[in-house]
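# A structural walkthrough
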Amino acid sequence: MVPVDYYIVLSAILFTLGALGVLIRRNPLIIFMSIELMLNAGNLAFVAFGRSYEIAGQQPFFTGQIFVFFVIAVAAAEVAVGLALIVEIFKTKKNINIDEMNSLKG
Amino acid sequence: MTSELIVFLVLSLVAISSALGMLFSRNAVYSALFLVLNFVTVAVFYLLLGAPFIAMAQITVYAGAIMVLFLFVIMLLGAESLAPAQSLPWQRPLAILLAVILAVESIYLVFARARSDLVVTAPDIAVNSMDNLREMAMTLFNQFLLPFEVTSILLLVAMVGAIVLTKQVKGEQR
Amino acid sequence: MHLSESVVNGFFFLAPWLVFAPVTGLLINLIFGRQWSEKMVGTVASLASGAAFVVSALLAYSVSINHGEAVRWRLAEWIHIGTLNLDWTFRIDSLSTTMMLVVSGVGTLIHIYAIGYMHEDVRFKNDEGRFNRFFIFLNLFIAAMMILVSGDSFIMLFVGWEGVGLCSFLLIGFWFEMDTLARPSWANSNAAKKAFIVNRIGDFGFLIAGFLMFWYLGSFQFDEVFKAAPDVAESAPWVIVAITLFMLVGVAGKSAQIPLYVWLPDAMAGPTPVSALIHAATMVTAGVYLVTRSAPLYTLVPQAQYIVAVVGAGTALFAATIAVGQYDIKKVLAYSTISQLGFMVAAVGMGAYVAGMFHLITHAFFKALLFLSAGSAILGMERGHHHLAHGHHEGKPARGKKSSKETHDDSHHGEVRRVEPIETFDPGDMRNMGGLRKSMPVTFWLYIIGTLALAGIFPFAGFWSKDEILLDSSLHFQNIYWLLTIAAFLTAFYMGRQIWMVFFGEPRHAAAAHAQESPKVITVPLMILAGLSVLGGALNLPFEGFHNLGHWLGYTLGEVEGLPLDLKIAGISTALALLAILISWFIYGRNPLRAHQPDPLKKPLGFIFTGMENKWFVDEGYFAVFINPFNKISQFLADVIDWRFWHDFVHDTVILGTYNWLSEIALDRYADQKGIDAFANWLGDATQSVSATLRKVQNGFVRSYALAVMLGVVLILGYLILK
């Protein structure tokens, strides 16, 4: 028996770590991974809340899980496009350091 | 301290440390592998929370497909590690400071302001039955049919987008 | 029976086409007229007017099978404010359809005539591009006149009233850059302005009448006004008197009555078809129509009726005396028109509405005929003059229809297109004419018919209608009867004088000797009008069972007993008319006028004839009493008050001086340089330095932007905690 708050705190910590990753890393691939980590943190909170409502309400409750399902689908789409962008940037600049992508053109 | 809580704390420790590992690894391949570990840990959390389908989806889609894609791209581009930072020297300490403040703030808010009575217990065996899955499917395909279809369109668009972005235009010099 | 029931409501829906048909015509000519030939333009315009005539006839038929009941056909909502409800509604009853028939019938004939007339006119004046414009204006006039006669409220009537006023202005000033002799001058446009301004005085009266009407009777709509009027007449009779008398001012303006008639003779500056259509047959009768339409108001106040009758009769006599002393063929007819309008106004003033309307109709026929024939004579003179100037070297007898062809041919020769300096030859001056009987026989006979009808010789149309007015006046007001009888005598006299001067004797000018007959497009409409002038009396014969017009108008105005023929009255007027023609023969016919001979009446009548010749100096009087003092006051206001006092002193010295002092010393030196400039400079410097600092934040690194977002999140959460 675990209070749902613990899960939420865990989710918050994971989210903060993800945000930190976005801020400190210069490799866009790792920034991408950090974003995935943040999405996962959110997913964890969804499922934890869903489970706790299921227990409190004494009946199946799937909304939280279905939300996670959609998030996974969106994440997959995002990764597909994002990685394609990174590959394309690498092709033109021969480099993927995010600090060098500071001009709108070229 | 119940056994469930012990399991939770241990798994939490694994999840957080793997996240930290991802953050601070010098090699991007290690980062990706740490992230796989993190995803698997989260999948175990899902199992504990009575969501076996999501747990499997997490492992196959995230830990499987997406992370493989990441590894593939890292190795394709040879982007395992970058040269040491030249610019923005104060970015890193400032970001860490802010992240710590954010974590403290959110933990404080959860415990001090948004304390909930809800608890989570380990599920019984019934959640692993076919009935449970069927019922979830019924919800998904009835109540959430429209978002579901929209998601399929989104995936299609992403697929087309990825192809268009990486397509080599005829006659273009590389 | 069954058929008639099915069309009882059948033709009223056509009412809007009274207006839309001519508007369509004018739009077509506006768009395509420039490319089209003159024949095409004229045909379209005539057809548009003819369509209005057909609609009028169908509406008249619908009214007759509806037993004369007035139908109000609402086309569109116009103004709805508070209790004021104004719609564009057509009122179709026996009175309005009568007017529609006259307007569109005579109008169509004049359209056809104008095809021939304007063809030559634009060539004599060397601007063929204006042919199209003329017909656009003419169609616009028909549309406005239809709005006037079909309106269901005084305001709708006023809309048409102003519309015809505008068309009158445009058409009088049709040759705006020349005078009637085609010399460069502003005479024609001054005539147009005079007509417009004098009408404005009349319209002012009409508007005051309308305001009073709305204030005291609560409506503009005819039926509602007439329903409310008797109660008001009971409690405050002066209101109705004021309304009717202010309306009389409007009538005097539009229908050219004393004291506002002065514009009509000058309006002869317009082309002759315009003089015939607008300034004789239709527009100027709008005042008579207005009084007839407002009959229920006038009937309530006999004092006002008497004033109207006196104004009419006075005008009839006064204008007739002036007509005797005129030399211009159209001026004579113009004063004759004023005089005849006086007859009509007198009739409707006496309450003899049927007689007034009857005379309106017959007058439309024979006065249109006279004007158009006069136009034909003038054209004949112009052709003769043209022939003198250019015709001899052609060496072919250019007569009749050929003459128009010749002008066609001439227009292709370069040298004839130029405006030849016309020496002071006036083709409309009767002293230049004479002997046209032989060269223009058709015009001569048509003119004779018109003259006999106007003079009131049995059995022409004018005899019946004028006799009815005289009979009515003899029953009501003896003094008015005598005024009108003298006017009728003078009418016959000046018409006889005109006939002898124009058509008999020997040509007094070479142009008259070479005058040529007009083509068929001009003479055929005249023949139709001549037929109507002969037979028009049949509309309302003073015999039992023949009061057709009286019965027909009775639907609207209330049934009145038709008067039988009074042999004494009829005999006196006919005898006087014949006597007048005889006298005119003695003076002008027996010894025809020779060239440059003064008028034989000049010696026996002395200063009276000088007065007649000079229109009794009314225009000069208006100048002395109104216009010159007005100019002097304007001069004083402009020069002394505005320029010297207001501009030189107040503006330049006081305001500008103060302003200069203020701006140089107080504002520029202190407020501007030390205050506003300093502040603005400080603001600019501050902005620059702040932006120099802030610019560094925009370093282009995505990560630092993300850091800023993070900072924001942390701050917001912190705020939530500390709140």
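Residues numbered from 1 in each chain as written. Chains lettered and ligands numbered in written order. Predicted model: local features only at pLDDT ≥ 70, side-chain atom pairs only at ≥ 80, totals over all residues. Heavy atoms only, no water.

The next subject is the overall build of chain C. Looking only at helices and strands, chain C features 30 helices and 2 strands. Buried residues in chain C amount to 55% of all 723 residues. Within chain C, counting contacts between residues at least 6 apart in sequence, those at least 24 apart form 79% of the total. For chain C, the exposed surface amounts to about 30,900 Å²; the carbon and sulfur share of it is 69%. (Helix = DSSP H or I, 4+ residues; strand = E, 2+ residues; numbered from the N terminus. Buried < 20%, exposed > 50% of the residue type's maximum accessible area, 1.4 Å probe, protein only. Contact = heavy atoms within 4.5 Å. Areas by Shrake-Rupley, 256 points an atom, 1.4 Å probe, with all protein chains shown as cover.)

This part covers the overall build of chain A. Across its full length, chain A carries 3 helices and 1 strand. Shown N-terminal to C-terminal, the secondary structure of chain A runs as helices and strands in the order β-α-α-α. Taking contacts inside chain A between residues at least 6 apart in sequence as the whole, the part at least 24 apart equals 60%. Total accessible area computed for chain A in this model is approximately 3,900 Å², and 69% of it derives from carbon and sulfur atoms.

Residues and elements named next belong to chain C. Where helix H2 (residues 17-32) meets helix H5 (residues 130-150), the axes come as close as 8 Å, and the angle between the chain directions of the two elements is 165°. Our classification of the angle between H2 and H5 gives roughly antiparallel. Crossing handedness for the pair H2 and H5: left-handed. Across the interface between the two elements, Leu 18, Val 19, Pro 22, Val 23, Gly 25, Leu 26, Asn 29 and Leu 30 of H2 pack against Asn 132, Phe 135, Ile 136, Asn 139, Leu 140, Ile 142, Ala 143, Met 146, Ile 147 and Ser 150 of H5. For the contact of H2 with H5, a count of residues per class yields 13 nonpolar, 5 polar and no charged. (Axes fitted to C-alpha atoms, helices over the stretch in contact; angles between N-to-C directions. Parallel < 35°, antiparallel > 145°, perpendicular 65-115°, else oblique. Left-handed = near helix turned anticlockwise from the far one by under 90°. Nonpolar A, V, L, I, M, F, W, Y, C, P; charged D, E, K, R; others polar.)

Attention now goes to the interface of chain B and chain A. Facing the 83 residues of chain B at the interface are 68 residues of chain A. Around 7,200 Å² of area is buried between chain B and chain A when both sides are counted, 77% of it from carbon and sulfur atoms. Interface area lost by chain B to chain A is led by Leu 23, Phe 70 and Leu 118 of chain B, which between them contribute 10%. The tally of links between chain B and chain A comes to 1 salt bridge. The closest approach of N and O atoms between Asp 5 of chain A and Arg 115 of chain B, which form a salt bridge, is 3.3 Å. Here chain B is connected to chain A by 11 residue pairs in polar contact (both at pLDDT 80 or more). (Buried area = accessible area lost by both parts, 1.4 Å probe. Salt bridge = Lys/Arg side-chain N within 4 Å of Asp/Glu carboxyl O. Polar contact = N/O pair within 3.5 Å; in protein donor to acceptor, adjacent residues only side chain to side chain.)

All names here are of chain C. You can see His 119 is positioned in helix H4 (residues 94-124). Relative accessible area serves as the criterion here: at 11%, His 119 is assigned to the buried category. Within the structure, the side chain of His 119 is placed 2.8 Å from the side chain of Glu 38, a separation counted as a polar contact.

Attention now moves to the interface of chain C and chain A. Taken together, the contact between chain C and chain A spans 7 residues of the former and 10 residues of the latter. Taken together, the two surfaces of chain C and chain A that pack against each other cover about 770 Å², and 65% of this comes from carbon and sulfur. A per-residue breakdown of the area chain C buries against chain A is headed by Phe 701, Arg 703 and Met 710 of chain C, which together make up 68% of the total. For the interface between chain C and chain A, the tally reads 0 salt bridges. At the junction of chain C and chain A, the tally comes to 2 residue pairs in polar contact (both at pLDDT 80 or more).

Residue and element names in this part refer to chain C. Overall, the coordinates contain 53 aromatic pairs over all chains when judged by the stated rule. Ring geometry for Trp 161 and Phe 206: centres 5.0 Å apart, planes at 80°, overall edge-to-face. Taken together, the positions of Trp 161 in helix H6 (residues 154-172) and Phe 206 in helix H7 (residues 187-217) put the pair 45 residues apart, joining distant regions of the chain. A relative accessible area of 3% places Phe 206 in the buried class. A centroid spacing of 5.6 Å and a plane angle of 80° characterise the contact between Tyr 216 and Trp 238, whose relative ring orientation is edge-to-face. Of this pair, Tyr 216 sits in helix H7 while Trp 238 sits in helix H9 (residues 237-254), and the two are 22 residues apart along the sequence. Tyr 216 gets classed as partly exposed once you look at its relative accessible area, which sits at 35%. (Phe/Tyr/Trp six-rings, centres within 6.5 Å; stacked < 30°, edge-to-face > 60°.)

Right, let's get into the environment of Thr 315 of chain C. Residues and elements named next belong to chain C. Along the polypeptide, Thr 315 turns up in helix H14 (residues 302-324). C-alpha of Thr 315 to C-alpha of Ala 346: the two residues are 31 residues apart in sequence and 9.0 Å apart in space. Look past the residues within four positions of Thr 315 in its chain and what remains in contact with it is Ala 256, Gln 257, Ile 258, Ala 320, Ile 338, Ser 339 and Gly 342. Of note is the side chain of Thr 315, whose polar atom sits 2.6 Å from the backbone oxygen of Val 311.

What follows deals with empty space enclosed by the protein. Residues and elements named next belong to chain C. Tallied over the entire structure, the rule returns 7 cavities of 30 Å³ or more. Roughly 90 Å³ of volume is contained in the second largest cavity. Surrounding the second largest cavity, 13 residues form its lining, Ala 455, Gly 456, Lys 466, Ala 488 and Ser 573 being those nearest its centre. For the lining of the second largest cavity, a count of residues per class yields 7 nonpolar, 4 polar and 2 charged. (1 Å grid on protein atoms, 1.4 Å probe; cavity = no way out; pocket = protein on both sides within 12 Å on 5 of 7 lines; lining within 4 Å. Points joined across faces, edges and corners; volume = space filled by probe spheres on them.)

Our focus in this paragraph is the pattern of salt bridges. Residues and elements named next belong to chain C. Counted according to the given criterion, the structure contains 25 salt bridges over all chains. The salt bridge involving Glu 38 is made with Arg 123; its shortest N-O contact spans 3.2 Å. Note that Glu 38 is positioned in helix H3 (residues 38-65) and Arg 123 in helix H4, a separation of 85 residues in sequence. Here the two residues Glu 38 and Arg 123 agree in accessibility, since each one is buried. In this structure, a network of salt bridges that share partners links the residues Arg 72, Arg 91, Asp 93, Asp 152, Asp 223 and Arg 293.

Residue and element names in this part refer to chain C. Look at helix H29 (residues 618-695): only 86 Å from first C-alpha to last across 78 residues, short of the 116 Å you get at 1.5 Å a residue. At Leu 667, H29 is bent by approximately 55°, the largest bend along its length. Among all positions in H29, only Val 618, Asp 619 and Val 650 are buried. Those residues of H29 hidden inside the fold are in contact with H7, helix H10 (263-266) and H14. (Expected span 1.5 Å × (residues − 1). Bend = angle between axes of the 7 residues up to and from the residue.)

All right, on to the pairing of strand E2 (residues 84-92) of chain C then. Each regular strand displays side chains that alternate between the two surfaces of the sheet. Residues and elements named next belong to chain C. With 7 of 9 residues buried, E2 is to be regarded as a mostly interior element. Here strand E1 (residues 71-81) runs beside E2; their pairing, made up of 9 bridges, is antiparallel. In the strand pairing of E2, Arg 74 is matched with Thr 89. Between E1 and E2, which pair antiparallel and follow one another directly, the connecting turn spans 2 residues, one of which, Gly 82, has a positive phi of 55°. (Pairing = 2+ DSSP bridges.)

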